[in-house]
Amino acid sequence: MRKPLVAGNWKMNLLVADAVKLVKELKPLVQGISGVDIVVCPTFVTLYAVSEVLKGSNIELGGQNCYLKESGAFTAEISPQMLKDVGCTWTIVGHSERRQFFGEDDALLNEKLKFALASGLKVMFCIGETLDERQGGKMNDVLTRQVTKGLAGLSEADFDEVSVAYEPVWAIGTGVTASPDQAQEAHAFVRGLLKTQFGAAVADKVRIQYGGSVKADNAAELMAKPDVDGALVGGAALKADGFAAILKGAL
Ligand code: 13P
């Protein structure tokens, strides 16, 4: 049985005071919940303040991205070591907004993933097709490419520290959620790819989160599907009560 993983990706939202307020509200709402792994991913500049509030709680901290070097002349980048230094145990890699707006491709994301793992971070690795790709019948090809290239070179043990987040681009921030059946179909396909590429043990243990307009009122039915092992939540993670309701839906 895979333990559900529910993470909030705050994206480019919330100033320090708002970020601190949000986690102060969230902490008591999720206190004592141990049946689901809970992660919040604030902006880089609010990580330290948020991490101070989260000390001793059951909420883990994650970055939204990181670079593939430890330090040096890489202006504006943040290393896994820096994320760990402020209390992160996780990072997101390969979010569709990084792919779409910042040109991050499969080869780069594979390097980032491997470096983050080697640096001791756990990684939520995002994949997902656009609306054009889905309507053009290319969904399976896109997912195959993203999984094959993005996860290339990982070992069976690495998958204890990696989750795959299936986030169809057409469902992100649009209010159009994949139906539970659509999510299940894509997740089962991805799990099949993992089985082919890495074997049954990996396919069996890897958590596949769904992301894209997850809300309190659709979270439980999505995560009730056999291959949906949690959620990666954007907009609805910006409110403590809504996010708490979503992760209770995973139990
Ligand atoms: P929304 O939940 O706002 O659709 O965002 C999903 C997402 O991109 C999480 O990483």
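This is a predicted model, so every value here is computed, not measured. As a convention, each chain's residues are numbered from 1 in the sequence order in which they are written. Note on the predicted model: pLDDT of at least 70 is required for a residue's local features to be given, and 80 or more for side-chain atom pairs to be given and counted; whole-chain, interface and lining totals, by contrast, use all residues. Side-chain measures were taken over the full set of non-hydrogen atoms in the model, leaving aside hydrogen atoms and water.

Trainee: How should the sheet that holds strand β2 (residues 37-41) be read in this particular structure?
Mentor: Pairing between sheet strands relies on hydrogen bonds along the backbone, with the strands arranged either parallel or antiparallel. By the convention used here, strands pair only if DSSP detects at least 2 bridges between them. In this description a helix means any DSSP run of H or I spanning at least four residues, a strand means any run of E spanning at least two, and both kinds are numbered starting from the N terminus. Read around the barrel, 8 strands follow the order β1-β2-β3-β4-β5-β6-β7-β8 and close on themselves; strand pairing throughout is parallel. Each strand of the sheet is rotated relative to its neighbour by a mean of 25°, with strand direction disregarded. Bridging between β2 and strand β3 (residues 59-63) involves 3 bridges; their strand directions are parallel. Within β3, the position partnered with Val39 by the bridge is Glu60. Should any heavy atoms of two residues lie within 4.5 Å, those residues are considered in contact. Interaxial angle, 0 to 180 degrees, is taken between N-to-C directions of lines fitted to C-alpha atoms, where a helix line uses only the stretch in contact. Running at roughly 150° to strand β5 (residues 122-127), helix α7 (residues 139-150) makes contact with β5 and β6 (162-166) of the sheet. Against the sheet, helix α11 (residues 240-248) touches β1 (5-9), β2 and β8 (230-233), its axis set at about 160° to β1.

Trainee: Could you clarify how one ought to interpret the layout of surface pockets in this entry?
Mentor: Where empty space is left in the structure can be found by rolling a water-sized probe over the atoms. As defined here, a cavity is a set of points on a 1 Å grid over the protein atoms alone where a 1.4 Å probe fits but cannot get out. A pocket is an open set with protein on both sides within 12 Å along at least five of seven lines, and residues line them when an atom is within 4 Å of a point. Grid points are joined across faces, edges and corners, and a volume is the space filled by probe spheres set on the points. Counted as a void, the largest pocket has a volume near 480 Å³. Within the residue set of the lining of the largest pocket, elements represented by two or more residues are α2 (44-54) and α4 (96-102). Residue type decides the class: Asp, Glu, Lys and Arg count as charged, Ala, Val, Leu, Ile, Met, Phe, Trp, Tyr, Cys and Pro as nonpolar, and the leftover types, Gly among them, as polar. Of the residues contributing to the lining of the largest pocket, the split by class is 10 nonpolar, 5 polar and 4 charged. In this model, the second largest pocket occupies a volume close to 190 Å³. Every residue lining the second largest pocket is counted, 21 residues in all, and those nearest its centre are Lys11, Gly173, Ser213, Gly234 and Gly235. Residues that form the lining of the second largest pocket fall into these classes: 7 nonpolar, 11 polar and 3 charged.

Trainee: Explanation requested: the site of the ligand in the structure shown.
Mentor: Around the ligand lies a shell of 13 residues, among which Lys11, His95, Glu167, Gly173 and Ser213 are the nearest. Two N or O atoms count as a polar contact when they lie within 3.5 Å, although within protein this holds only if one can serve as hydrogen donor and the other as acceptor, and sequence-adjacent residues are included solely when both atoms are side-chain atoms. At a separation of 3.0 Å, an oxygen atom of the ligand approaches a polar side-chain atom of Asn9. Here an oxygen atom of the ligand and a backbone polar atom of Gly235 are 2.9 Å apart. In these tables, accessible area is a Shrake-Rupley quantity obtained with a 1.4 Å probe, and a residue counts as shielded only by the protein chains included in the view. Expressed as a share of its isolated accessible area of 310 Å², the protein-covered part of the ligand is 95%. For a molecule to be placed in a cavity or pocket, more than half of its atoms must lie within 2 Å of the grid points of that cavity or pocket. Judged by the fraction of its atoms near the pocket grid, the ligand is located in the second largest pocket. The residue makeup of the shell around the ligand, split by class, is 4 nonpolar, 7 polar and 2 charged. Throughout, near means a residue has at least one heavy atom within 4 Å of the molecule or strand.

Trainee: What is the right way to read the pattern of salt bridges from this model?
Mentor: Should the charged atoms of two oppositely charged side chains come close, the side chains can pair. Salt bridges, as used here, are contacts in which a Lys or Arg side-chain nitrogen is within 4 Å of a carboxyl oxygen on Asp or Glu. Evaluation of the coordinates by the stated rule reveals 17 salt bridges. Residues Lys122 and Glu60 are paired through a salt bridge, measuring 2.8 Å at the closest nitrogen-oxygen approach. Note that Lys122 is positioned in strand β5 and Glu60 in strand β3, a separation of 62 residues in sequence. Between Arg191 and Asp229 there is a salt bridge; the shortest N-O distance is 2.7 Å. Residue Arg191 is found in helix α8 (residues 180-198), and its partner Asp229 is found in the loop between α10 (216-223) and β8; the two are separated by 38 residues along the sequence. Per residue, the accessibility class of Arg191 equals that of Asp229, and both read buried. Here the salt bridges share partners, and the residues they tie into one network are Arg2, Arg191, Asp227 and Asp229. Only protein chains enter the calculation, and the probe is 1.4 Å; a residue is then buried if its accessible area is under 20% of its type maximum, exposed if over 50%, and partly exposed in between.

Trainee: Explanation requested: helix α5 (residues 106-118) in the structure shown.
Mentor: Residue pairs three or four apart in sequence face the same way in an α-helix, which turns once every 3.6 residues. Expected span of a helix: the number of residues minus one, times 1.5 Å. For α5, built from 13 residues, the straight-helix expectation of 18 Å at 1.5 Å per residue is met to within 8% by its first-to-last C-alpha distance of 18 Å. Of all the positions in α5, only Asp106, Leu109, Asn110, Lys112, Leu113, Ala116 and Leu117 are classed as buried. Each buried residue of α5 sits inside an arc of 165° when the element is viewed along its axis, so together they form one side. Structural note: α5 exposes Ala107 and Ala118 on the side pointing more than 90 degrees away from its buried face. Here the buried face of α5 lies against α3 (80-85), β4 (88-93), α4, β5, α7 and β6. Immediately downstream of α5, the backbone of Gly120 shows phi near 95°, a positive value. Here the arc refers to the directions that run from the helix axis out to each C-beta atom.

Note that every value here comes from positions in space, so none of it alone points to a role or purpose.
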